[in-house]
Amino acid sequence: MAGDRPDFTTGPLTEPGTDVDATDGMPENVPDDGTGEQIGRREGMFGVRGTGDTSGYGGLTRPVEMPGPSQPPYGGWMDDVATALFEASRSAGIEHAVERVVVHRGEITFHVRREDLVEVARLLRDDEKLRFELLSGASGVHYPDDAGRELHVVYHLLSLTHNRRIRLEVTAPDADPRVPSVVATYPTADWHEREVFDFFGVVFDGHPSLTRIQMPDDWPGHPQRKDYPLGGIPVEYKGGSIPPPDQRRSYN
Amino acid sequence: MSTEQDAYAPQAETSQGRVFTVTGQDWDSVVSGISDEHDNKVVVNMGPQHPSTHGVLRLILELEGETVTEARCGIGYLHTGIEKNMEYRTWVQGVTFCTRMDYLSPFYNEMTYCLGVERLLDIEDDIPEKAQVMRVLLMELNRISSHLVAIATGGMEIGALTVMTIGFRERELVLDLFELITGLRMNHAFIRPGGVAQDMPPGALDQIRDFITLMKKRLPEYAALCNANPIFKARLEGVGHLDLAGCLALGITGPVLRSTGYPHDLRKSEPYSGYEDYEFDVQTWDTPDAYGRFRIRVNEMWESLRIVEQAVERLAGLEGAPVMVGDKKIAWPSQLAIGSDGMGNSLDHIRHIMGESMEALIHHFKLVTEGFRVPAGQAYVPVESPRGELGAHVVSDGGTRPFRAHFRDPSFVNLQATSVMSEGGMVADVIVAIASIDPVMGGVDR
């Protein structure tokens, strides 16, 4: 069988009878280990609600969980960074600045209280043992079901001295979407924060000129929020129209 | 000033002063119009449609005479909502979107996105060797084509038209190779989570070897034409100065950072896709100006050729090896082949799913309609694109589609240096400074 196969196949086809069972790893077959940080619930499998759902999967409800907090030791250089950061924040009088530490897939995330973000950023840049000189970027994530912490702003920091990468995450509720600006410490955050403001409506206190950057100045709303209304495409066929992508039937 | 009003370029009095719309060949009327103004300050709105701004970049320049006192950028004219669109497509379809961001370096967009998805899937160690080598090969060819455009357009903007014509001539050769390997000149969507879309076509390695031989003859032409050219040097030297401290504060990476003499390259400091196994040197320069960045780009093309040579030799020994992970729950199931009616699913694959294996049919159906699920979490795996650190912040909620994908595009970040590079200089040097940053608006605006 292998001899007459053309060269462009992307790998050997499995022999009959040796295939992986197709139902392995289906969401209804994977037990919930309960260690994660719940940010929402997933219902059904096809994005259809109520009586329209004839799939038989309508009753399926699963928690949506992000990786939960990790306990030290975190492994390798991560412990050095965490220890140095905790020491530095203690001596700066903000020992509760880091709410939790998440280590997932070899990347470390420090969840920082938003009122301490400016001070933590300064420590990370200036402390001898930390030296995170370069702010790679900042981006927003909107978790509409994470009550009280709907808006997350994520910063990626790089230390050229030690060749390490960490992630900072701050949250703000939808009701009070304010996060202090780190432009004074990292001038490169200027455009990043404008972009997060433009797309998520996070107001960065202390930013020198917080205006829209990608969307037109008079644009209503913040397009990358999950609750931003998406437009359907009108089709000239008996008055029908294609529903917006978030209302179409699709896997969820 | 002429008394006639041009219908397409009217003058207007505003509270901010008189407004002229310059359309070409009307310089005299503009000059005579402002000569009776008291202060000599002119605000020039350059772009977004302007041949020298590398696409739809808008510059707002405050001039006193020919000196720039303030320079600001207006961006967003090419914003197409790619990141938002990716949230409504499967993880594999996301590649098709992100490849269109920075359209001069599509493979890097695909690569950083796929590395992030692979990290979340925890299959980083399972990517077949041949896929890794093909990724490196394509990326380094892409670096050559991207640097060629940077040099070509940069040359064109200072009037060196020959640099432009020969730059695009060589770039076309690289695009031919891309077409041969991926089927498309741009927007390939070839690097996929788990590997690459297809194996190397027959004869591709020989064509790449011919290309390497040709480039070794052609690359010295750039040096002979430009390196010691007095006009070229006069326009580039000392222009767009930005030192190391300035680069770090503004988050600048890539050739602009390396022109300060600091050898930062993610291929060396955080190797991915097996870059630690290739021999190449990080190129730096001792003058952090437009000339230094030009020389770095030419030198980096030589280094990329070295890497391409090594990758071709490795591929020669990997004939028939898999280019996609073995996990049938992730690997794209269809296998393309040329049939009598063009390219389509290979008959072997059709026979397999229709006649031999029910599980294979289910996998094919589920992957194509639903896609695979990616465990919840977030990942950021940057790569060294021709313009600097390009990284995708990929967030999954455990579903079949990205919960959020954000791209840290080096053009976006580096463009912030426009004001510090141009203010205090001549207006003609603004163009040179921006050309030395080499921004691609598709990546800036996404």
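The notes below deal with the structure included here. (Residues numbered from 1 in each chain as written. Chains lettered and ligands numbered in written order. Predicted model: local features only at pLDDT ≥ 70, side-chain atom pairs only at ≥ 80, totals over all residues. Heavy atoms only, no water.)

Looking at the overall build of chain A
Note the cut-off: Strands here are runs of E lasting at least two residues and helices are runs of H or I lasting at least four, both read from the DSSP assignment and numbered beginning at the N terminus. Working definition: with a 1.4 Å probe on protein chains only, accessible area under 20% of the residue-type maximum means buried, over 50% means exposed, and in between means partly exposed. Here, residues are in contact when the closest pair of their heavy atoms is within 4.5 Å. For accessible areas, the Shrake-Rupley method is used with a probe of radius 1.4 Å. Any residue's cover is judged against the shown protein chains and nothing else.
Counting its secondary structure elements, chain A contains three helices and 11 strands. Secondary structure elements in chain A, listed N-terminal to C-terminal, are β-β-α-β-β-α-β-β-β-β-α-β-β-β. When burial is assessed residue by residue, chain A has 48% of its 252 residues classed as buried. Considering only intrachain contacts with a sequence separation of at least 6, the fraction spanning at least 24 residues in chain A is 54%. Counting every atom, chain A has about 12100 Å² of accessible surface; 51% of that belongs to carbon and sulfur.

What to know about the overall build of chain B
Rules: All radius of gyration figures rest on C-alpha atoms, and the globule criterion is 2.2 Å times the number of residues raised to 0.38. His is not counted, nor are the chain ends; Lys and Arg add positive charge and Asp and Glu add negative charge. For this purpose, a charge sits on NZ of Lys, CZ of Arg, CG of Asp or CD of Glu.
Helices and strands together make up the secondary structure of chain B, namely 18 helices and 13 strands. Its C-alpha atoms give chain B a radius of gyration of 24 Å, near enough to 22 Å, the size a compact globule of 446 residues would have. If one aligns the C-alpha atoms of chain B with their principal axes, the spans along those axes are about 85 × 45 × 45 Å. Relative to its full complement of 446 residues, chain B shows a buried share of 59%. The contacts in chain B between residues at least 6 apart in sequence include a share of 68% that link residues at least 24 apart. Accessible area of chain B: about 17100 Å², with a carbon and sulfur share of 54%. Charged side chains of chain B number 39 positive and 61 negative; the gap between the two group centres comes to 4 Å.

What to know about helix H2 (residues 117–126) of chain A
Residue and element names in this part refer to chain A. Filter applied, for reference: Think of the arc as the fan of directions from the helix axis to the C-beta atoms.
Residues Leu117, Val120, Ala121, Leu123 and Leu124 constitute the buried set of H2. One side of H2 holds all its buried residues, which, seen down the axis, span an arc of 160 degrees. Against helix H1 (77–91), strand S4 (107–112), strand S6 (151–159), strand S7 (164–172) and strand S8 (178–180) lie the buried residues of H2.

Points about the packing of helix H13 (residues 347–356) of chain B against helix H14 (residues 358–369) of chain B
Residue and element names in this part refer to chain B. This is how it is decided: Interaxial angles span 0 to 180 degrees and are taken between N-to-C directions of axes, which are lines fitted to C-alpha atoms, for helices over the stretch in contact. Should the near helix be turned anticlockwise from the far one by less than a right angle, the crossing is termed left-handed; should it be turned clockwise, right-handed. Any residue that is not Ala, Val, Leu, Ile, Met, Phe, Trp, Tyr, Cys, Pro, Asp, Glu, Lys or Arg is counted as polar, Gly included; the first ten are nonpolar and the last four charged.
At a minimum axis distance of 6 Å, the contact between H13 and H14 shows a crossing angle of 115 degrees. As for how H13 packs across H14, the hand of that crossing is left-handed. For the pair H13 and H14, the contacting residues are His349, His352, Ile353, Met354 and Glu356 in the first and Met358, Ala360, Leu361 and His364 in the second. Here the contact of H13 with H14 is composed, by residue class, of five nonpolar, three polar and one charged.

Some points on the sheet that holds strand S3 (residues 41–46) of chain B
Residue and element names in this part refer to chain B. Here is the rule we go by: Any two strands with at least two DSSP bridges between them are considered paired.
Strand order in this open sheet of three strands is S3-S4-S5, and the pairing throughout is antiparallel. What marks the edges here is a single partner per strand, and that holds for S3 and strand S5 (67–74). Strand-to-strand twist of the sheet, defined as the mean angle between neighbouring strand axes without regard to direction, takes the value 15 degrees. Pairing of S3 with strand S4 (residues 58–64) involves six bridges; the strand directions are antiparallel. Counted as the bridge partner of Met46 is Leu59 from S4. Helix-sheet contacts for helix H17 (residues 427–437) involve S3, S4 and S5, and the interaxial angle to S4 is about 150 degrees.

Here we look at the interface of chain B and chain A
To be explicit about the condition: Each of two parts loses accessible area, computed with a 1.4 Å probe, when they are put together; buried area is these two losses added. Salt bridges are identified by distance alone: a Lys or Arg side-chain nitrogen within 4 Å of an Asp or Glu carboxyl oxygen. Two N or O atoms form a polar contact when they lie within 3.5 Å of each other; inside protein one atom must be a possible hydrogen donor and the other a possible acceptor, and for residues adjacent in sequence the pair counts only when both atoms belong to side chains.
The partner chain A presents 73 residues to the 77 residues of chain B that form the contact. Buried surface at the junction of chain B and chain A, both sides included, amounts to about 6300 Å², of which 55% is carbon and sulfur. In terms of surface lost to chain A, no three residues of chain B exceed Lys84(B), Gln378(B) and Phe403(B), which account for 10% of the buried area on that side. Where chain B meets chain A, there are seven salt bridges. Of the charged contacts in the structure, one is a salt bridge between Glu87(B) and Lys226(A), with a shortest N-O distance of 3.0 Å. At the boundary of chain B with chain A, the tally comes to 26 residue pairs in polar contact (both at pLDDT 80 or more). Looking at the side of chain B that touches chain A, its residues break down into 32 nonpolar, 22 polar and 23 charged.

Comments concerning the nonpolar core
Spelled out, the test is: In this description, a nonpolar core means a group of buried Ala, Val, Leu, Ile, Met, Phe, Trp, Tyr and Cys residues linked to one another through side-chain atoms lying within 4.5 Å.
Residues Tyr113(B), Leu137(B), Ile181(B), Met200(B), Ile208(B) and Phe372(B) are the most contacted members of the largest nonpolar core, which totals 89 residues. Discounting chain neighbours no more than four positions away, the residues touching Ile208(B) are Leu137(B), Leu177(B), Ile181(B), Met200(B), Val308(B) and Val312(B). By size, the runner-up hydrophobic cluster in this structure holds 42 residues, among which are Leu130(A), Phe200(A), Phe204(A) and Met215(A).

Some words on the pattern of salt bridges
Residues and elements named next belong to chain B. Scanning the model with the defined rule gives 50 salt bridges over all chains in all. Arg446 is the partner of Glu83 in a salt bridge, and the nearest nitrogen-oxygen pair spans 2.8 Å. Highlighted residues: Glu83 in helix H2 (residues 82–86) and Arg446 in the segment after helix H18 (441–445), separated in sequence by 363 residues. The structure contains a network of salt bridges with shared partners spanning Glu140, Arg143, Arg258, Asp265, Arg267, Glu300 and Glu384.

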